[in-house]
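Topology and contacts: notes
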Amino acid sequence: MSPTLHLGAVGFGLIAVCYGFARFAFGLFLPEVDADLSLGPALSGILSGGSFLGYCLTIIASAVLTERFGARAVAIAAALVAAVGMAAIAAAPNSAWLAGAVLLAGSSTGLASPPMAAAVAASVRAGRQDATNTAINAGTSAGVALSGPVALAIGGEWRLAFAGFAALAVVVALAAAVAVPPTRRNAAKGSHLPPVTGPLMRLVAASFLMGAASTSLWSFGGELASQRLGWGTSGIGVLWTAIGIAGIAGASAGTLVKRFGIDRTHRAFLVMMALGILATGSALATPATTLAGGALFGAAYVMLTGIYLVWGVTALSDRPATGLMIGFLTIAIGQTAGAPLFGFILDAFGSDQAVIVFAAIGLAAGMMGYERVGLFGAPAARRCPEVR
């Protein structure tokens with residue numbers, strides 16, 4: 001296996017563990033966790049938001065640490081933090097402990113992405129960097145897809161599942177120690193904030209809105225399926241598998257951006273995500289539409305995160321870890337705000353209103369373009385010449 005493929009495979013696995021297991025698997029097991037610890041919708045939203053908050057707190061530190069100490073050390077730390085956080089989830093005796101464990105596990109995702117972007121920038125030729133970055137980013141979907149069969153196999157035993165996920169994270173830490181290059185850079189390079197440009201400002205707005213909208217399914221997809229269809233662990237596990245398998249298509253984000261430009265690709269997949277949310281959570285949902293909607297959502301979400309990755313790295317090509325950090329941080333800030341808001345609307349007004357509001361929030365992100373702000377559905381800005 002070539003060094004590039006080896007790096008891509010380990011990066012894919014790191015993202016799968018940190019995002020798919022440590023961050024998003026909580027929504028899959030939320031009905032069982034709720035039944036065991038009596039959380040309720042509002043507290044469930046706060047706990048889910050805690051996972052995203054952990055991400056916000058660490059992704060900034062990760063970009064700085066990667067620029068100072070190198071990709072390898074930070075990638076190993078990400079896997080080990082995921083392991084400790086998921087082990088703590090497995091052992092949680094009450095909601096307070098669980099909140100801290102979810103926060104810690106979620107923080108691993110913030111550590112994971114910047115070092116991989118830096119490693120790719122340092123060791124992959126320029127023409128293959130976007131494709132490699134978005135392929136690694138699609139590891140999220142592999143983790144989500146695998147968590148569904150795990151739930152089916154163990155019958156919703158969420159403690160056992162998170163214990164197994166923690167053990168796998170340790171294995172990934174060992175692999176990262178071998179495959180990820182050090183890539184240490186001059187500490188002074190990362191000691192100042194990047195210039196605030198139009199593309200970066202619009203990236204912040206777009207990724208915030210998309211992140212908020214995504215919590216409708218990442219945090220409450222299992223709850224919605226349980227309410228609408230009476231699905232238990234088996235049905236929700238199938239839904240999670242559909243989301244994850246479809247999300248692997250997000251590995252092609254770099255290729256699509258190169259062909260069609262950031263703005264066209266961005267808006268097309270925001271529409272897909274909104275349709276997926278509505279198909280899964282609306283009053284008209286059936287088993288077929290729920291699975292189809294989950295697949296639409298999974299493909300769109302991973303594609304959109306890949307688009308924001310390329311957007312940020314293109315806007316800050318000399319500081320790829322920081323460019324990625326800006327987009328991914330604001331996705332997580334949106335998720336931190338969105339999960340409690342969805343839980344509140346669900347509790348106060350019902351699932352119909354919550355789903356419609358959050359699909360609209362996702363569509364609103366389409367008002368932001370790489371080069372300018374335009375009305376959703378307006379002709380896309382010309383393709384950015386800097387996209388590799």
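Predicted model only: the values in this text are computed from it and were never measured. (Residues numbered from 1 in each chain as written. Predicted model: local features only at pLDDT ≥ 70, side-chain atom pairs only at ≥ 80, totals over all residues. Heavy atoms only, no water.)

Counting its secondary structure elements, the protein contains 16 helices and zero strands. Relative to the 2.2 N^0.38 estimate, which gives 21 Å for 388 residues, the radius of gyration of the protein is 19 Å and therefore close to what a compact globule would have. Overall, the C-alpha framework of the protein stretches about 50 × 50 × 35 Å when taken along its three principal axes. Just so you have it, the protein exposes about 13,500 Å², and 70% of that area is on carbon and sulfur atoms. Of the side chains in the protein, 20 bear a positive and 13 a negative charge, and the two mean positions are spaced by 16 Å. (Helix = DSSP H or I, 4+ residues; strand = E, 2+ residues; numbered from the N terminus. Rg over C-alpha atoms; globule rule 2.2 N^0.38 Å. Areas by Shrake-Rupley, 256 points an atom, 1.4 Å probe, with all protein chains shown as cover. Lys, Arg positive; Asp, Glu negative; His and termini not counted. Charge placed at Lys NZ, Arg CZ, Asp CG, Glu CD.)

In this model, helix H14 (residues 287-315) (29 residues) spans 42 Å end to end at C-alpha, consistent with the 42 Å of a helix rising 1.5 Å per residue. Judged by how many residues are buried, H14 sits mostly within the fold: 21 of 29 residues are covered. (Expected span 1.5 Å × (residues − 1). Buried < 20%, exposed > 50% of the residue type's maximum accessible area, 1.4 Å probe, protein only.)

On to the packing of aromatic side chains. According to the stated counting rule, one finds eleven aromatic pairs in the structure shown. Here Trp 218 and Phe 297 contribute two aromatic rings whose centre-to-centre distance is 5.4 Å and whose plane-to-plane angle is 70°, an arrangement assigned as edge-to-face. Here Phe 297 lies in helix H14 and Trp 218 lies in helix H9 (residues 198-218), a separation of 79 residues in the sequence. One exposure class covers both Trp 218 and Phe 297, and it is buried. (Phe/Tyr/Trp six-rings, centres within 6.5 Å; stacked < 30°, edge-to-face > 60°.)

Glancing now at helix H15 (residues 320-349). Taking 1.5 Å as the rise per residue, H15 with 30 residues should run 44 Å; its terminal C-alpha atoms sit 42 Å apart, in good agreement. The largest bend in H15 is about 25°, located at Gly 338, with the proline Pro 340 one to four residues further on. Along H15, 22 of the 30 residues are buried, which leaves the element largely enclosed by surrounding structure. (Bend = angle between axes of the 7 residues up to and from the residue.)

Here we take up the confidence of the model for the protein. The pLDDT averaged across the protein works out to 84; a share of 90% of its residues lies at or above 70. For the protein, the element scoring lowest by mean pLDDT is helix H3 (residues 41-69), at 76; helix H4 (residues 71-90) scores highest, at 95. The low-confidence segment residues 373-388, where pLDDT is below 50, has 47 contacts with residues more than four positions distant or belonging to other chains. (pLDDT = per-residue confidence, 0-100. Contact = heavy atoms within 4.5 Å.)

With that settled, the discussion passes to the nonpolar core. Membership of the largest hydrophobic core comes to 116 residues, with the highest contact counts inside it found for Leu 14, Phe 29, Met 86, Leu 98, Phe 162, Val 180 and Tyr 308. When residues of this core are assigned to their parent elements, the largest contribution, twelve residues, is made by H14. (Core = buried A, V, L, I, M, F, W, Y, C linked by side-chain atoms within 4.5 Å.)

Before going further, it helps to spend a moment on the side chain of Asn 137. For Asn 137, the position within the fold is in helix H6 (residues 126-137). If we skip the residues at most four places from it in the chain, Asn 137 touches Ile 15, Val 302, Thr 305, Gly 306, Leu 309 and Phe 328.

Interaxial distance between helix H11 (residues 233-247) and H14 falls to 7 Å at its minimum, and their mutual angle equals 40°. Note on packing geometry: the crossing formed by H11 with H14 is right-handed. Residues Val 238, Leu 239, Ala 242, Ile 243, Ala 246 and Gly 247 of H11 pack against Thr 290, Leu 291, Gly 294, Ala 295, Phe 297, Gly 298, Ala 299 and Val 302 of H14. Within the contact of H11 with H14, the residues separate by chemical class into ten nonpolar, four polar and no charged. (Axes fitted to C-alpha atoms, helices over the stretch in contact; angles between N-to-C directions. Left-handed = near helix turned anticlockwise from the far one by under 90°. Nonpolar A, V, L, I, M, F, W, Y, C, P; charged D, E, K, R; others polar.)

Here we come to a nonpolar patch on the surface. A grouping of Val 271, Leu 275, Leu 296 and Leu 363 is seen on the molecular surface, where their side chains present a nonpolar patch of about 280 Å² in accessible area. Within the secondary structure, Leu 363 is located in helix H16 (residues 351-364). (Patch = residues over 30% accessible without salt bridge, like charges linked within 9 Å, V, L, I, M, F, W, Y side chains within 5 Å. Salt bridge = Lys/Arg side-chain N within 4 Å of Asp/Glu carboxyl O.)

What follows deals with the environment of Ser 234. Mapped onto the fold, Ser 234 is located in helix H11. Sequence separation between Ser 234 and Ala 61 is 173 residues, and the spatial gap between their C-alpha atoms is 38 Å.

Direction vectors running N to C along helix H5 (residues 95-123) and H15 enclose 145°, while the axes themselves pass 8 Å from each other. Every pair of crossing elements has a handedness; the one defined by H5 and H15 is right-handed. Every residue of H15 that contacts H5 at Ser 113, Pro 114, Ala 117, Ala 118 and Ala 121 is listed here: Pro 320, Ala 321, Leu 324 and Phe 328. For the contact of H5 with H15, a count of residues per class yields eight nonpolar, one polar and no charged.

On to the environment of Val 178, then. In this fold, Val 178 is placed in helix H8 (residues 158-179). The class of Val 178 is exposed, set by a relative accessible area of 64%. Measuring from C-alpha to C-alpha, the distance between Val 178 and Ile 76 comes to 9.9 Å, with 102 residues separating the pair along the chain.

Once that is clear, we can look at the environment of Pro 182. On the secondary structure map, Pro 182 appears in the loop between H8 and H9. By relative accessible area, Pro 182 is classed as partly exposed at 41%. With ten residues separating them in the primary sequence, Pro 182 and Val 172 have C-alpha atoms 16 Å apart. Residues in contact with Pro 182, not counting those within four places in the same chain, are Phe 69, Gly 70, Ala 71 and Arg 72.

With respect to the helices and strands, the residue Thr 241 is situated in helix H11. Looking at Thr 241, its side chain comes within polar contact range of the main-chain oxygen of Gly 237, at 2.9 Å. Every residue in contact with Thr 241, bar those within four places of it in the chain, is listed here: Ala 145, Gly 148 and Pro 149. (Polar contact = N/O pair within 3.5 Å; in protein donor to acceptor, adjacent residues only side chain to side chain.)

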